[in-house]
Amino acid sequence: MRASLIQIDVDEGEPVDSRRRRVAALVREQSGADLVVLPELWTTGAFAYEEFGSEAEPLEGPTYEAMAKAASDAGVWLHAGSIPERAAPGSGLAADEGSLYNTSLVFSPSGELAAAYRKIHRFGFDKGEAVLMGAGRDLVTVRLPGTTLGVATCYDLRFPELFRGLVDAGAETLVVPAGWPERRRAHWTLLAQARAVENQAFVLACGTAGTHAGVPQAGHSIVVDPWGEVLAEAGAGEEVLTVDIDPAKVAATREQFPALKDRVLGLEPPRR
């Protein structure tokens, strides 16, 4: 399976509509890939909190339309990163009308919406995303030919129990779009490898480049195999990271080193 991670430079001087067209063109250029992944909140910038409300869009808004067509034109599975979603009736997700969410969109090669995931762990503690956006509740997996994707977003990477839940739901390839800050880049690499090793799964972690609201981004999108080996890593700027992975390696790893079978905690309620 060929995966292409598009590490987008989010330039605050570039209009959102222009970036949307540019990214759609980049997706179309990946027509030989099986899966294309975009970063978190690439339309606004993950730290551009003041823009969330003004740039929020309904689930089936302009980004949805542009990415659905790009996926169809390229004939690829597309994890379109995430958007600031303003929930609306008929969105396909249970929500209060008007609420904001950090929502990821996954499209099939025919341009159909295969899944939507609302970020469960919101970053910011007592400010920013943590107070401006609602929290998702549902784990999301997507079945592709040859593998099952488990979907998570940025700050989720710090919460291993989420990934255990995805593995229990059948995930073999964990996809993590992000807007990760440069000052914590070491954590980005470490956690991506840890999630791969402990879940014996591929991790495809796609970040942004550039600077969002004064916060330099880490870039360094990364692909890690089920043994924790880094198969490919981007630099700091905008680039497309393409790597061929063998989905069968997940089952082989889990059979060769069956650590997941020795799990004890979290499999059943504790005894009283």
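Residues numbered from 1 in each chain as written. Predicted model: local features only at pLDDT ≥ 70, side-chain atom pairs only at ≥ 80, totals over all residues. Heavy atoms only, no water.

Enquirer: I keep staring at the side chain of glutamate 14 and nothing clicks. Help me out?
Expert: Within the element layout of this structure, glutamate 14 appears in the loop between β2 (9-10) and α1 (16-28). Engagement of the side chain of glutamate 14 in a polar contact is seen with the side chain of arginine 19, the distance being 3.2 Å. The residues touching glutamate 14, leaving out its near neighbours within four places in the chain, are Asp9, Arg19 and Arg22. (Helix = DSSP H or I, 4+ residues; strand = E, 2+ residues; numbered from the N terminus. Polar contact = N/O pair within 3.5 Å; in protein donor to acceptor, adjacent residues only side chain to side chain. Contact = heavy atoms within 4.5 Å.)

Enquirer: I tried to follow the pairing of strand β7 (residues 140-144) on my own but got confused; where do I start?
Expert: If a strand is regular, its side chains alternate between the two faces of the sheet. The alternating pattern of β7 places Val140, Val142 and Leu144 on a buried face and Thr141 and Arg143 on a face that is not buried. The pairing of β7 with strand β8 (residues 147-151) spans five bridges and is antiparallel. Its bridge partner lying in β8, valine 140 is registered against valine 151. Hairpin remark: β7 followed by β8, antiparallel, with two residues in the connecting loop; positive phi at glycine 146, about 95°. (Buried < 20%, exposed > 50% of the residue type's maximum accessible area, 1.4 Å probe, protein only. Pairing = 2+ DSSP bridges.)

Enquirer: Can you walk me through the packing of helix α5 (residues 160-168) against helix α6 (residues 185-199) in this structure?
Expert: One can describe the packing of α5 onto α6 by two numbers: an axis separation of 11 Å at closest approach and a directional angle of 40°. Comparing their axes, α6 and α5 come out oblique. Here α5 runs over α6; the crossing is right-handed. When α5 is examined against α6, the residues Pro160, Phe163, Arg164 and Val167 are found in contact with a partner set consisting of Arg195, Glu198 and Asn199. Across the contact of α5 with α6, the residue classes tally to three nonpolar, one polar and three charged. (Axes fitted to C-alpha atoms, helices over the stretch in contact; angles between N-to-C directions. Parallel < 35°, antiparallel > 145°, perpendicular 65-115°, else oblique. Left-handed = near helix turned anticlockwise from the far one by under 90°. Nonpolar A, V, L, I, M, F, W, Y, C, P; charged D, E, K, R; others polar.)

Enquirer: Would you explain the sheet that holds strand β10 (residues 202-206) in this entry?
Expert: Whenever strands of a sheet pair, they do so through backbone hydrogen bonds, lying parallel or antiparallel. Taken in spatial order, the six strands of this open sheet run β7-β8-β9-β10-β13-β14, and their pairing is mixed. Looking at the sheet topology across the chains shown, the edges are occupied by β7 and β14 (230-233). Neighbour to neighbour, the strand axes of the sheet diverge by 15° on average, direction disregarded. Of the strand pairs in this sheet, strand β13 (residues 222-224) and β14 are connected by three bridges, and their pairing is antiparallel. Following the sheet pairing, valine 223 is matched in β14 by alanine 232. Contacting β7, β8 and β9 (173-177), α5 runs over the sheet at an angle of about 140° to β9.

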